[in-house]
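# Report on the structure
The lines below spell out each chain.
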Amino acid sequence: MPTKVFAQFAAPFQGAAMNSLLDLGQSLAAQAEKITRLQLEAGLESSRDAMAVTQALLEVKDADGLAKWQEAFFQPNLDRAAESVSQQYEVLLETRGILAEAVKQSTAEATRQIQENIDRIAKGAPESFAPVFDAIRKSLETQVATMETMGKFTDQFGEIADANLSAIKNVVQPVAKAAGASRRKTA
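Below: a short report on this structure.

Rules used throughout
- Residue positions are given per chain, counted from 1 along the sequence in the order it is written.
- A pLDDT threshold of at least 70 governs which residues receive local features in this predicted model, and a stricter bar of 80 or more applies before side-chain atom pairs are shown or counted, although totals over entire chains, interfaces and linings include all residues.
- With hydrogens and water set aside, each side-chain value is computed from the structure's full complement of heavy atoms.
- Runs of H or I in DSSP of at least four residues are treated as helices and runs of E of at least two as strands, each being numbered from the N terminus.
- When accessible area is computed with a 1.4 Å probe and restricted to protein chains, residues below 20% of their type maximum are described as buried, those above 50% as exposed, and intermediate ones as partly exposed.
- In this analysis, the protein atoms alone were mapped onto a 1 Å grid. Cavities are point sets where a 1.4 Å probe fits without being able to get out; pockets are open sets with protein on both sides within 12 Å along at least five of seven lines; lining residues have an atom within 4 Å of a point.
- Grid points are joined across faces, edges and corners, and a volume is the space filled by probe spheres set on the points.
- Three categories are distinguished: nonpolar for Ala, Val, Leu, Ile, Met, Phe, Trp, Tyr, Cys and Pro, charged for Asp, Glu, Lys and Arg, and polar for the others, with Gly belonging to the last.
- When a carboxyl oxygen of Asp or Glu lies within 4 Å of a side-chain nitrogen of Lys or Arg, that pair is called a salt bridge.
- By definition in these notes, contact holds between two residues if any of their heavy atoms fall within 4.5 Å.
- Patches were defined on residues exceeding 30% relative accessible area and lacking a salt bridge, with like-charge contacts within 9 Å and nonpolar side-chain contacts (Val, Leu, Ile, Met, Phe, Trp, Tyr) within 5 Å.
- Residue burial considers only the protein chains on display, and all accessible areas are found by Shrake-Rupley using a 1.4 Å probe.
- We define a polar contact as two N or O atoms separated by no more than 3.5 Å, with the added condition that, inside protein, one atom must be a possible hydrogen donor and the other a possible acceptor, whereas residues neighbouring each other in sequence contribute only through side-chain atom pairs.

### Some points on the overall build of the protein
Looking only at helices and strands, one finds 3 helices and 0 strands in the protein. Buried positions account for 14% of the 187 residues belonging to the protein.

As C-alpha cells, then:
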C-alpha cells in the first residue's frame, strides 16, 4: 500500500519536473555559450594585442619612448581586460538570476502539488486524522515562508555585493589612471 500512495503522490511531479529541467538546461547552455564566446573573443584580441605590444616595445629606445609605449598600449590593454571581466561578470549575474528563478518556480510548483496531494489524501482519511493533516499543512506553510525569507536575504546580499563591486571599480579606475599619469610626469 505505501508504494501505491507514493506513486500517486509523486506522479504529477515527473512531467513538470522534466519540462522545467529541460528549460533550465537550455538556459544554462546559452549562458555557457555566452561566457565561452566572451572568453574566446578576449583571448583572440589579447593575442593580437600581445604581438603589437611586443613589436612596439622592441622599438622603444629611451625613457620617453617607454612612457609613450605605456600610454599607447599598456593602459588600453588593462581597460580592455577590465571590460572583458565586467562582461563575463554580467553573464554570471544573468546565470545566477536564471538559477534563482528556476528554483523559485520549481519550489512553488512542488509546494502547490504537495498541498493538493495532502488535501486529496486528507479527504479520504478518517476525521480523527484532521489534526495531523493540519499540522502537516502548517509545517509546509512555515517551510515556504522560511524559503521566501531566505530568497529575499539572498537577493539583498547579491545587491550589496554588486554595489560593493561597483564602488570598488569606480575607485580603482581613477586611481590606476592617476598612477599612470604620475609615472609619465616623472619620466
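### Examining the layout of surface pockets
Approximately 500 Å³ is the volume attributed to the largest pocket. Lining the largest pocket are 17 residues, with Ala 100, Val 103, Lys 104, Met 147 and Gly 151 sitting closest to its centre. No other element matches the 9 residues that helix H3 (residues 130–186) contributes to the lining of the largest pocket. By residue class, the composition of the lining of the largest pocket is 6 nonpolar, 6 polar and 5 charged.

### Observations regarding the pattern of salt bridges
Tallied over the entire structure, the rule returns 9 salt bridges. A salt bridge links Arg 37 to Glu 33; its shortest N-O distance comes to 3.2 Å. Here Arg 37 and its partner Glu 33 are both found in helix H1 (residues 2–58), 4 residues apart, which amounts to about one turn of the helix. Assessed through its relative accessible area of 49%, Glu 33 is described here as partly exposed. Arg 112 serves as the salt-bridge partner of Glu 116, at 2.4 Å between the closest nitrogen and oxygen. Here Glu 116 and its partner Arg 112 are both found in helix H2 (residues 63–124), 4 residues apart, which amounts to about one turn of the helix. A relative accessible area of 36% places Arg 112 in the partly exposed class. Members of the salt-bridge network, linked through shared partners, are Glu 109, Arg 112 and Glu 116.

### Here we look at the environment of Ala 81
When you line up the elements, Ala 81 lands in helix H2. Judged by relative accessible area, which is 41%, Ala 81 ranks as partly exposed. Remark: the alpha-carbon pair of Ala 81 and Glu 45, spanning 36 residues in sequence, is separated by 9.9 Å.

### A look at the side chain of Ser 84
As for its position among the elements, Ser 84 is in helix H2. Assessed through its relative accessible area of 12%, Ser 84 is described here as buried. What Ser 84 contacts, discounting residues up to four positions off in sequence, is Leu 38 and Ala 42.

### Points about a nonpolar patch on the surface
On the surface, Phe 129, Val 132 and Ile 136 cluster together into a nonpolar patch covering about 240 Å² of accessible area. Mapped onto the secondary structure, Val 132 falls in helix H3.

### So, the environment of Glu 109
Along the chain, Glu 109 turns up in helix H2. Polar side-chain contacts of Glu 109 include one of 2.5 Å to the side chain of Arg 112.

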